[in-house]
Amino acid sequence: MPRRRKTPREDEKGSSPPSSSGASPQPPPRAAASSSSSSTPPPQASQDALAMARHPQYSQHYQVGGTSGGRSGGQYSQSSSGRGGGGTGGYHGQQQPQHQQQPRQAPAVSALVEQFSGLGVEVSVPAQPAPPQPSVVAPPASIKALRFPLRPGRGQTGVKCIVKVNHFLAELPDKDLHHYDVTITPEVTSRGVNRAVMEQLVKLHRDSSLGHRLPVYDGRKSLYTAGPLPFHYKDFQFLAGRQADAPQEALQVLDIVLRELPTHRYSPVGRSFYSPDLGRRQPLDMSSTAFIEPLPVVDFVGKLLNKDISRPLSDADRIKIKKALRGVKVEVTHRGTMRRKYRISGLTSQPTQELMFPVDDRGTMKSVMEYFRDTYHYTIRSPSLPCLQVGNQERPNYLPMEVCKIVEGQRYTKRLNERQVTALLKVTCQRPRERERDILQTVYHNAYNQDPYAQEFGMRISDRLALVEARILPAPWLKYHEKDCLPQDGTWNMMNKKMVDGGTVNYWACVNFSRTVQDNIARGFCNDLAQMCLISGMAFAAEPIIPVHAARPDQVERALKSVYREVQSKVKGKELELLIAILPDNNGSLYGDLKRICETDLGLVSQCCLTKHVFKRGKQYLANVALKINVKVGGRNTVLVDALSRRLPLVSDTPTIIFGADVTHPHPGEDSSPSIAAVVASQDWPEVTKYAGLVCAQAHRQELIQDLYKTWVDPQKGTMNGGMIRELLISFRSASGYKPGRIIFYRDGVSEGQFYQVLLHELDAIRKACASLEPNYQPLVTFVVVQKRHHTRLFANDHDDTRTIDKSGNILPGTVVDSKICHPTEFDFYLCSHAGIQGTSRPAHYHVLWDENKFTADGLQSLTNSLCYTYARCTRSVSIVPPAYYAHLAAFRARFYMEPDASEAGSVHRNTAPRAGNRQDGSIRPLPALKDKVKKVMFYC
């Protein structure tokens, strides 16, 4: 394979033809003689298992729930959902790095052992961990001083029932577990290669040097055995181990034990396993992900572009191919049985027929086509296609597309388009009864009682779903303008109801960007929408202030500013209050451009409507649009009756502000785009229904929200205070007239491994923001993490009992569980607050990390459940608490301020003005500021 500035060759051991890797031959690797020492837990050890280790007195359950082909793999969720750490309630030691696994099938052992012959494998005794230091119960200054709140008892409110959960009782062994540190020299970054080396070592030495032990290995540094190895020192190289007698380590062992066999059978992705039989899509478990079809690269490109690729490619085609293939592993096919693998780093700008490279230090040039003809007697058949670039950027190698095939078992990490998402959901969406059946089949298929590793370590896994106690919380009464409403099974409707606080729109306009919508159709739609807003309780002008304005999608900025100026000239001293936009169904970057211009330039709220809905003009659609318009112009759709009668737990007795916060990260494959943080906060009390929102850009994949509180020095004014928390507190005081005495902070998007860091950073920012407003101003704070990315599923104990299921077969909205599968001592619970529509409902997991308000279990659970009925965009309860939901919507909206395109295909019509993103010096360019009129209302709905 050709490479710049070096004679191209393929460097494969044992091959007589030239090598294509371009790497110089290396001397055989030598085994290290020194011992290593470590007391850190294995990086992939179950975080749930670690938390349980602190409290060995409670029962354990093994959770199955995660993959389309495979099982979730060693995730313990005994009466815990804890995190890595030691001690009895505090964290001791540094957080462990999370290693990302590349999806793959287990590599051929013989090939790997041949390739890595001469590797040194050293197994040594880890140092004993230091005794845990006592935790300090005080405002946290560091991770070591931090303890999460204890559970304030179990909840009692609601109708008690029994539900099944996809956790399985695990009987833990009374075994003499031993832990060994492993060092493979030279160091190998691939977990698959490490496992293959260890697998061969066990095969060769199990019946001799290993004393018939069958060890398990995490692929990195830790190896465990059920008993000591029968030697003190061995030159391949094992040193004497120590007994792993701490409960924490015992559970780490069990986690690795249950992952060992599936690692050889399936393709591991993170903590899940997927079947390598990708074509059949046979679900061995309940999570799903997309894999890249193992096609010849030429066929893949043809499918990707959906056109004849025998002709020269355009620049847009080349960019699309590069984005789709970057990071993908391919194997060469022009060498017979020698299928060397490479990872694609880029695409050449020239077609293969024009590509030249130097073959010696004198600069002698040779074409890629000549090289393959002379070296491999291979004639390139598609010379107009570019070459794949593999290797590093400084010394790239070139491979023609036609000699490459995509390696099987690779997870597709790029963003799926709408068609692909629909296809994936169609395959994977299952009703609860079907899902439960498949989970049990997965357990049967995994045959834990026949797993040689489980037998070696004395583990026994139940084959029945665990039964847990649950309660069904009552739905809250909702206040409308003339009557109250009690939702049934998480839903209600607006028939014969008016919004509790209808907004006013006197001046509005409509812009039609759809060529297929004629003026009379657009006028009719606008009339129907205005009538629906009036019927729903808004004060809404029957006609737009100017006639419907038709515009081209590529002239969005010109059209919006033209309409805005025309309205201003017509209504002297007044401003446009609402813009209705009719968009094509496939509108590329139009939607994002329109939102960015309206919200950051014109200071205008807008409502977009797709062409297909304009033609249908369905009553239900118009009613939902009216709900969105009302909150965008400052109205309220509904309010909790308990809020008006001051019966919300703790919230009603003292002015309270409720925050929601989330961080959204760039789509996979975008290596440097900033992350977007969003914070929303309630602006009314006691109603807690209106939420203002703020957004900011921050470093790529940074989870801690950086702009909650900030200070800077102004040359004239000196030290200045700012940040999203401070601004929203000021906004609350201005809107409600109250200074909040309580803060409830719902934080979305935090994994368990980040609990400590997020709490320390963001609680400190909240404290500083409050103190900057007034000396000694410290309202009581409750900090709750909201999690949806977990595999726990709840099922009705009897799928035929209509008293315990909704129309979709799911458990009833309001079902809460706070025992057995939850943490034994910390304050957390699972709440299914929504009615199922399709598939199996996923409960939200709420974990309290800080609680100065001293909520009872019933108090926080009922407050959270009630808030889920106040979501503004529909007449249904939602799956996560609305402040967190709104923060997610706001963060997603803000990405349009930064990116020119959020669609797969994009649009050639783009505004070229500078956006937020990375500057040339690597710093983050801030997002364009929201206009004051926009950020005070729920513009993101």
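Residues numbered from 1 in each chain as written. Predicted model: local features only at pLDDT ≥ 70, side-chain atom pairs only at ≥ 80, totals over all residues. Heavy atoms only, no water.

**Q** Would you mind going over the packing of aromatic side chains with me for this structure?
**A** Aromatic ring pairs are defined here through the distance separating the ring centres and the angle between the ring planes. Considering all chains together, one arrives at 20 aromatic pairs under this definition. Residues Phe372 and Tyr376 carry aromatic rings whose centres are separated by 5.4 Å and whose planes lie at 50° to one another, so their mutual orientation is tilted. Of this pair, Phe372 and Tyr376 both sit in helix H7 (residues 368-376), four residues apart, which is roughly one turn of the helix. Summarising the burial analysis for this pair, Phe372 and Tyr376 share the class buried. Counting every residue linked through ring pairs, the aromatic cluster contains Tyr691, Tyr871, Tyr885, Tyr886, Phe939 and Tyr940. (Phe/Tyr/Trp six-rings, centres within 6.5 Å; stacked < 30°, edge-to-face > 60°. Helix = DSSP H or I, 4+ residues; strand = E, 2+ residues; numbered from the N terminus. Buried < 20%, exposed > 50% of the residue type's maximum accessible area, 1.4 Å probe, protein only.)

**Q** I'm lost on the pattern of salt bridges in this one. Help?
**A** When charged atoms on two side chains of opposite charge get close, those side chains can pair. Tallied over the full model, the rule gives 34 salt bridges. Notably, a salt bridge pairs Arg373 with Asp374, separated by 3.9 Å at the nearest N-O pair. The class of Asp374 is partly exposed, set by a relative accessible area of 43%. The residue Arg617 makes a salt bridge to Asp528 at a minimum N-O spacing of 2.8 Å. Here Arg617, found in the loop between helix H14 (611-616) and helix H15 (619-632), pairs with Asp528, found in helix H11 (residues 519-535); they are 89 residues apart in sequence, far enough to count as distant. (Salt bridge = Lys/Arg side-chain N within 4 Å of Asp/Glu carboxyl O.)

**Q** Could you clarify how one ought to interpret unusual backbone geometry in this entry?
**A** Excluding glycine, residues mostly carry a negative phi; peptide bonds, for their part, are mostly trans. Of the consecutive residues Trp685 and Pro686, the connecting peptide bond is found in the cis state with omega at 15°. Even without being a glycine, Arg617 presents a positive backbone phi close to 50°. In this structure Arg617 comes out as partly exposed when scored by relative accessible area, which is 29%. Even without being glycine, Val688 reaches a positive phi, approximately 40°. Locating Val688 in the fold gives a position in the loop between strand S31 (675-682) and strand S32 (691-698).

**Q** Would you mind going over the pairing of strand S20 (residues 466-472) with me for this structure?
**A** Note on strand geometry: in a regular strand, side chains alternate between the two faces of the sheet. Burial runs high along S20: five of the seven residues are buried. The pairing of S20 with strand S38 (residues 815-817) spans two bridges and is classified as antiparallel. The partner of Ile472 across the bridge, within S38, is Thr815. (Pairing = 2+ DSSP bridges.)

**Q** Sorry, what's going on with the side chain of Asn166 here?
**A** Tracing the backbone shows Asn166 in the loop between strand S4 (159-165) and strand S5 (167-171). At 2.8 Å, the side chain of Asn166 forms a polar contact with the backbone oxygen of His791. Only 2.8 Å separates the side chain of Asn166 from the backbone nitrogen of Arg793, close enough to count as a polar contact. (Polar contact = N/O pair within 3.5 Å; in protein donor to acceptor, adjacent residues only side chain to side chain.)

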